Amino acid sequence: MQPSLTPIEPAARRGRKKLYISINKKFVLSHLVSAVWLAFSIYLSLPWLKDLSGIVTLPISVLIIGGIAYVPGYMNAFLVMSLLLDRQPSFKNPDPDKEVTLLVAAFNEENTIFQTLSYVASQDYKGKIKAIVIDNRSSDKTHCELVRAQKELNLEIKVLKESKPGKFHALNKGLQHVATEYVITLDADTLLHPSAVRFLVARMESSPADVCAVAGSMLVRNSRENLLTKIQEWDYYLGIASIKRLQGLYQGTLVAQGAFSLYKTDSVRQVNGWPDAIGEDIVLTWRLLQKDWKVYFEPLAAAFTDVPSNLSHFAKQRSRWARGMIEGLIEIKPWNQPQIYTKYLTGVNLVMPYLDMVYTFFWIPGLMLAFFGFFWIVGPMTLFVLPLTILSYGILYMYQKHYVFKNLNLKVRRNILGFFTFILFYQMIMSPISVWGYFQELFKLKRVWD
């Protein structure tokens, strides 16, 4: 999904009269629907529960089935209902012109940094964009490429050096030189859609005063490389995007990802910048939320990133994400969040280790047993989770295709193999990797960024 360099005039510019349903009502209604689904699931699972209890006792059976069906079913029902009720507000001003500063932390990015900055230079944003690139101990020709960019691109680029290793050190060094109201972070290997900055700032300018950050939408650039990247294309397009939309609806996007997000500069400074954490963007976002500020998500602010193309790199990345979530939970407990929505959204993360461990240590072995005719854990009843999952992805697919991609002059690539592999097998890869990330944090193993 390579970005076009043609500026667009989206339908999102046009205001439409919509039936207004308050966030409180959406929140309550979504939970009511989820509760009905949960009751229905429990009723259907009674024979399964009885059979499994004869093998591993009732409490353990409830623990296993809860992690396989009850809790995921409830969460999926809440997601589906919330997505159906979600209505993205129109921009008050679709063409903002405030000066913004863009921070790029770079470590050995000689192959990507020039192209990344060239896409920044090609933005259709009316305001001035200042780019600050922090060279974080690169040992390749990154600096040479930055000098070339300064000479050849129509973009103000300031290059800084940071001798301390770590992305958070680099970003904090850059933050010291930011003089604009808004600051945007961008990864050195990420390409922006031509209207990405405009949409990101427009969403911030259209938001209430207590919104301190807006997360952009991440899409996969290298999906045609192999099956693993094809699967991740659907994860970004459907899975991650759906969670971001859900969180944005309830004004508590849990990760304003460092790869492409906008922040109020003063807000970042008030929480002392980016923390020393493997998930520095997660912890930063939760610190902002703890200040009783809100974090939004803008699906039209699209950026394109290269995802891991081999299992080793993928495992390191996703275990790092899981570890970063635990870091956030340790530092800021969900019950210490000031808003009810962020209490709930961060609280959901408390059950994620439970779900991943049940899936890893019970569902996957249960699937293997099912192939030999032992349907103790995995059987026909588990198929009831699939329709709701497919329905939620179907809703998001139509939204992404007709609202996001249509307005961005993008087309969804044909990727049928990747889609079905994503639906059927992706979680079998993800849960064990996430469990490994939890254990890394539990035993404080060495941090691995790449």
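Computed from a predicted model, the values in this text were never measured in an experiment.

Draft legend 1. Looking closely at the pattern of salt bridges. Tallied over the entire structure, the rule returns 19 salt bridges. Residue Asp187 pairs with Lys167 through a salt bridge whose shortest N-O separation is 2.8 Å. In this pair, Asp187 is assigned in the loop between β4 (182–186) and β5 (190–192) and Lys167 in helix α5 (residues 167–175), connecting sequence segments 20 residues apart.

Draft legend 2. Quick peek at the sheet that holds β5. Read from one edge of the open sheet, eight strands run β3-β2-β1-β4-β7-β6-β8-β5, paired in mixed fashion. Single-partner strands in this sheet number two, and they are β3 (156–161) and β5. Put simply, the sheet's adjacent strands are angled 30° from each other on average, direction ignored. The sheet strands contacting α5 are β1 (100–106), β2 (129–135), β3 and β4, and the helix crosses β1 at an angle near 150°.

Draft legend 3. Representation of unusual backbone geometry. Of note in the backbone geometry, Arg137 takes a positive phi value of approximately 65° without being a glycine. Its place among the elements puts Arg137 in the loop between β2 and α4 (142–152). Looking at Arg137, the relative accessible area reads 49%, which means it is partly exposed. Even without being glycine, Asn409 reaches a positive phi, approximately 55°.

Draft legend 4. Examining helix α1 (residues 23–56) more closely. The end-to-end C-alpha distance of α1, which contains 34 residues, comes to just 42 Å, noticeably less than the 50 Å that a straight helix rising 1.5 Å per residue would cover. The largest bend in α1 comes to about 50°, at Ser45, with the proline Pro47 one to four residues further on. Within α1 the residues assigned to the buried category are Ile23, Lys26, Phe27, Ser30, His31, Ser34, Ser41, Ser45, Trp48, Leu49, Leu52 and Ser53. For α1, the elements touching its buried residues are α2 (58–85), α7 (227–249) and α11 (340–371). Thr57 occupies a position one or two residues after α1 and carries a positive phi of about 80°.

Draft legend 5. Focus on the pairing of strand β7 (residues 260–264). Of all the five residues making up β7, five are buried; the element is thus mostly covered by neighbouring parts of the structure. Covered by surrounding structure in β7 are Phe260, Leu262 and Lys264 together with Ser261 and Tyr263, the residues of both alternating faces. As paired strands, strand β6 (residues 211–220) and β7 are joined by three bridges and run antiparallel to one another. Opposite Val214, over in β7, you have Leu262 as the bridge partner.

Draft legend 6. Representation of the nonpolar core within the structure. Core analysis: the biggest nonpolar cluster contains 66 residues, and Leu117 and Phe260 have the highest contact counts within it. Among residues more than four places away in sequence, those in contact with Leu117 are Ala131, Val133, Leu146, Ala149, Leu153, Leu155 and Ile157.

Criteria and thresholds
- Residues numbered from 1 in each chain as written.
- Predicted model: local features only at pLDDT ≥ 70, side-chain atom pairs only at ≥ 80, totals over all residues.
- Heavy atoms only, no water.
- Salt bridge = Lys/Arg side-chain N within 4 Å of Asp/Glu carboxyl O.
- Helix = DSSP H or I, 4+ residues; strand = E, 2+ residues; numbered from the N terminus.
- Pairing = 2+ DSSP bridges.
- Axes fitted to C-alpha atoms, helices over the stretch in contact; angles between N-to-C directions.
- Contact = heavy atoms within 4.5 Å.
- Buried < 20%, exposed > 50% of the residue type's maximum accessible area, 1.4 Å probe, protein only.
- Expected span 1.5 Å × (residues − 1).
- Bend = angle between axes of the 7 residues up to and from the residue.
- Core = buried A, V, L, I, M, F, W, Y, C linked by side-chain atoms within 4.5 Å.

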